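Residues per chain, in single letters:
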Amino acid sequence: MDYVVLALILLGVLVLGGLGLMVPRLRRRPGPPPDGTTTGTSVEDRPVPPPVLTPEAEQDVLVAPPPVETPTAPAPPAPPPVAPPTVEKPEPTAGRLVRLRARLARSQNVFGKSLLGLLSRDRLDEDAWEEIEDSLITADVGVDATREIVDRLRERTKVLGTRSATELRALLAAELVNALDPAMDRSLRVAATAAAADGARTPAVVLVVGVNGAGKTTTCGKIARVLVADGHSVLLGAADTFRAAAAEQLTTWAGRVGAEVVRGPEGADPASVAFDAVRRGIDTGVDAVLIDTAGRLQNKVGLMDELGKVKRVVEKHGPVDETLLILDATTGQNGLSQARVFTEVVDVTGVVLTKLDGTAKGGIVIAVQRQLGIPVKLVGLGEGPDDLAPFDPAQFVDALLGTEPLGTDA
Ligand SMILES: Nc1nc2c(ncn2[C@@H]2O[C@H](COP(=O)(O)OP(=O)(O)OP(=O)(O)O)[C@@H](O)[C@H]2O)c(=O)[nH]1
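Per an unreviewed UniProt entry, the protein goes by Signal recognition particle receptor FtsY and derives from Polymorphospora rubra. In its Sequence similarities (unreviewed entry) section, the UniProt entry covering the protein states "Belongs to the GTP-binding SRP family. FtsY subfamily." Taken verbatim from the UniProt record of the protein, the Subunit (unreviewed entry) comment is "Part of the signal recognition particle protein translocation system, which is composed of SRP and FtsY."

What follows is the structure in structure tokens.
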């Protein structure tokens, strides 16, 4: 009996102990989902193990910058569409000098106002003639030319008994034209010639020379326009390899009239660029090749020798047809001594007098021609692309004196 009681007690203890273990477990078990579906252990339910990092990766994590939110950058503006260069139609050359006569206004102040004012006096006495002489000298006509002009004028007024201001003005104009030697050939030699051997045409070669800043490159560009306006095809050679901007400048000028440019690397041998330009001109059959050269001071022997070489090298293709000396009219009589040296090194065949719009000394045209014996072929009267006019003595004198042009083609 005792054994039975003992067994029952033991059983009771075991039952109670078992219950004690069961209750906490039941409490911890999650309830069913609200929809009553049973779920197995989903991937999400599984505890996520912490990432195991290698030392290097740990380092990366430490130094990695926090993720930066990249703002969406505004799209760069689309480049403007590149328009093909517009080829311009230069102004016709006939009558340009007449159209540009107002540009000589500063010269007109000397000639037109003071000179004609003097001639309008009631009595032309010694003082008046002296003043006329002074006016001409001030306008850079040059002493010898002035004396010659005034002497002839005095004689003619005496012989003809001229008294009226209009007649005196006409006489003065005639003397000034005479001093400009109207018989000189001022045409540009720009017509291509037929080569004897194969019948191919050889372009006319025009060499443009002068001191620094005289306006060579600008004038080359303007001459290209003059030639195009007169119906010639042209190629430009950028043999000013000294000044990088000169080739750029020339390229722009050429682009405006649809002409080709031959240029070399900066600092290249100018003679070789000039040679290549003429070669290219022969190959493409243009009428004229214009060669721009670097500005050089007439007292720099090396540079002047270089210019001589450019000419000699170009002449391997054939003779240079035209060597134009560009002279800045504002340098007055100084320009004349420069000019003399150039004529010794290269055979200058024509003068282009630039910047006549910026000086009261228009008389320099007379001095240049008389002292150099070379015709002024073109005059620059402004910075505009068509501000270069073929020179015509009668039109020029009319413009200088502020009188109406007589018998012009404008
Ligand atoms: N007012 C005026 N300015 C001119 C005329 N011709 C040229 N110029 C100006 O003169 C300046 C010099 O001209 P460029 O053509 O660069 O002279 P450059 O002789 O080639 O110069 P370098 O190559 O340095 O020797 C420029 O500002 C031109 O616009 C003209 O007839 N009138």
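Trainee: Whenever I open this one, the overall build of the protein confuses me. Can you help?
Mentor: Counting its secondary structure elements, the protein contains 14 helices and ten strands. Residues counted as buried form 37% of the 410 residues belonging to the protein. Considering only contacts in the protein between residues 6 or more positions apart, those separated by 24 or more positions represent 75%.

Trainee: Hey, could you run me through the site of the ligand in this one?
Mentor: Around the ligand there are 22 residues in total, and Gly215, Thr217, Thr218, Gly295 and Gly380 lie nearest to it. When the residues that make up the shell around the ligand are grouped by side-chain class, the tally is four nonpolar, eleven polar and seven charged.

Trainee: What am I meant to see in the nonpolar core here?
Mentor: In summary, soluble globular proteins display a tendency toward joint burial of nonpolar side chains. With 94 residues, the main nonpolar core has Ala224, Leu236, Leu290, Ile291 and Leu353 as its most contacted residues. Those residues within four positions of Ala224 in sequence are excluded, and the remaining contacts are Val234, Leu236, Trp253, Ala254, Val257, Ala259 and Leu290.

Trainee: Would you explain unusual backbone geometry in this entry?
Mentor: Negative phi is the rule for most residues except glycine; trans is the rule for most peptide bonds. Despite not being glycine, Asp140 shows a phi value in the positive range, around 70°. Exposure remark for Asp140: the 25 C-beta atoms within 10 Å place this residue in the buried category.

Trainee: Help me understand the packing of helix H10 (residues 270–284) against helix H11 (residues 301–314) in this model?
Mentor: Each pair of packed helices can be described by the angle between their axes along with the distance between the axes. The geometry of H10 relative to H11 is characterised by a closest axis approach of 8 Å and an angle of 25° between their N-to-C directions. When the axis of H10 is compared with that of H11, the two are roughly parallel. Pair H10 / H11 crosses with right-handed handedness. Contact with H10, carried on its side by Pro270, Ala271, Ala274, Phe275 and Val278, involves Glu306, Lys309, Val310, Val313 and Val314 of H11 and no other residues of that element. The class makeup of the residues in the contact of H10 with H11 is eight nonpolar, no polar and two charged.

Trainee: Looking at this structure, how should I read the pairing of strand E7 (residues 322–328)?
Mentor: The side chains of a regular strand alternate between the sheet's two faces. Most of E7 is tucked away: seven of the seven residues are buried. Residues Glu322, Leu324, Ile326 and Asp328 point to one face of E7 and Thr323, Leu325 and Leu327 to the other, with burial holding for every one of them. Sheet topology places strand E3 (residues 204–210) next to E7; five bridges connect them, and they run parallel. By the bridge assignment, Val208 is partnered in E7 with Leu324.

Trainee: Can you help me understand the environment of Glu126 in this one?
Mentor: Its place among the elements puts Glu126 in helix H5 (residues 126–138). A tally of 7 C-beta atoms within 10 Å means that Glu126 is categorised as exposed. Here the alpha-carbon distance between Glu126 and Arg225, two residues 99 residues apart in the chain, equals 48 Å.

Trainee: Can you walk me through H10 in this structure?
Mentor: Residue pairs three or four apart in sequence face the same way in an α-helix, which turns once every 3.6 residues. The terminal C-alpha atoms of H10, which comprises 15 residues, lie 21 Å apart, in line with the 21 Å expected from a rise of 1.5 Å per residue. Of the residues making up H10, those classed as buried are Pro270, Ala271, Val273, Ala274, Phe275, Ala277, Val278, Gly281 and Ile282. For H10, the elements touching its buried residues are strand E2 (201–202), E3, strand E4 (234–239), strand E5 (260–263), strand E6 (288–293) and H11. Count one or two residues on from H10 and you reach Gly285, which has phi positive near 70°.

Trainee: Sorry, what's going on with the packing of helix H7 (residues 165–179) against helix H14 (residues 393–401) here?
Mentor: One way to put it is that H7 packs onto H14 with a least axis distance of 9 Å and a crossing angle of 135°. Judged by the angle between their axes, H7 and H14 are oblique. Handedness of the crossing formed by H7 with H14: right-handed. Within the contact between the two elements, H7 uses Arg169, Ala173, Leu176 and Val177 and H14 uses Pro393, Ala394, Val397, Asp398 and Leu401.

Trainee: Looking at this structure, how should I read the sheet that holds E5?
Mentor: Sheet strands pair by backbone hydrogen bonding; their relative direction is either parallel or antiparallel. Pairing in this open sheet of eight strands is mixed, and the strands run E5-E4-E6-E3-E7-E8-E9-E10 from one edge to the other. Looking at which strands have only one partner, the edges of the open sheet turn out to be E5 and strand E10 (388–390). For this sheet, the mean angle separating the axes of adjacent strands, direction not counted, is 25°. Its contacts with the sheet put helix H8 (residues 216–229) on E3, E4, E6, E7, strand E8 (350–354), strand E9 (376–380) and E10, and the angle it makes with E6 is roughly 170°. Running over the sheet, H10 touches E3, E4, E5 and E6 and is turned about 165° from E4.

Scoring rules and cut-offs
Along each chain, numbering runs from 1 in the same order as the chain's sequence is written. Under the rules for a predicted model, residues below a pLDDT of 70 receive no local features and side-chain atom pairs below 80 are neither given nor counted, while totals for whole chains, interfaces and linings still include all residues. UniProt positions are given in the numbering used here, feature names are shortened, and annotations may be inferred rather than shown by experiment. The numbering of helices and of strands both runs from the N terminus, where a helix is a DSSP run of H or I of at least 4 residues and a strand a run of E of at least 2. Partly exposed residues are those whose C-beta has more than 12 but fewer than 20 other C-beta atoms within 10 Å; 20 or more makes a residue buried and 12 or fewer makes it exposed, with C-beta atoms placed from the backbone. Here the contact rule is simple: place C-beta atoms from the backbone, and any two residues whose C-beta atoms are within 7 Å are in contact. Each residue gets a C-beta atom placed from its backbone. If that atom is within 6 Å of a molecule or strand, the residue is near it. Any residue outside Ala, Val, Leu, Ile, Met, Phe, Trp, Tyr, Cys, Pro, Asp, Glu, Lys and Arg is labelled polar, Gly included; the first ten of those are nonpolar and the last four are charged. The nonpolar core is taken to be a set of buried Ala, Val, Leu, Ile, Met, Phe, Trp, Tyr and Cys residues joined by way of C-beta atoms within 7 Å. Only the stretch in contact is used when fitting a helix axis, every axis being a line fitted to C-alpha atoms; angles between N-to-C directions are given from 0 to 180 degrees. Roughly parallel here means an angle under 35 degrees, roughly antiparallel means over 145, roughly perpendicular means 65 to 115, and every remaining angle is called oblique. In this scheme the crossing of two helices becomes right-handed for a clockwise turn of the near helix relative to the far one and left-handed for an anticlockwise turn of less than a right angle. Here a strand pair is declared whenever DSSP counts at least two bridges between the two strands. Given a helix with a known number of residues, its expected span is that number minus one, times 1.5 Å.

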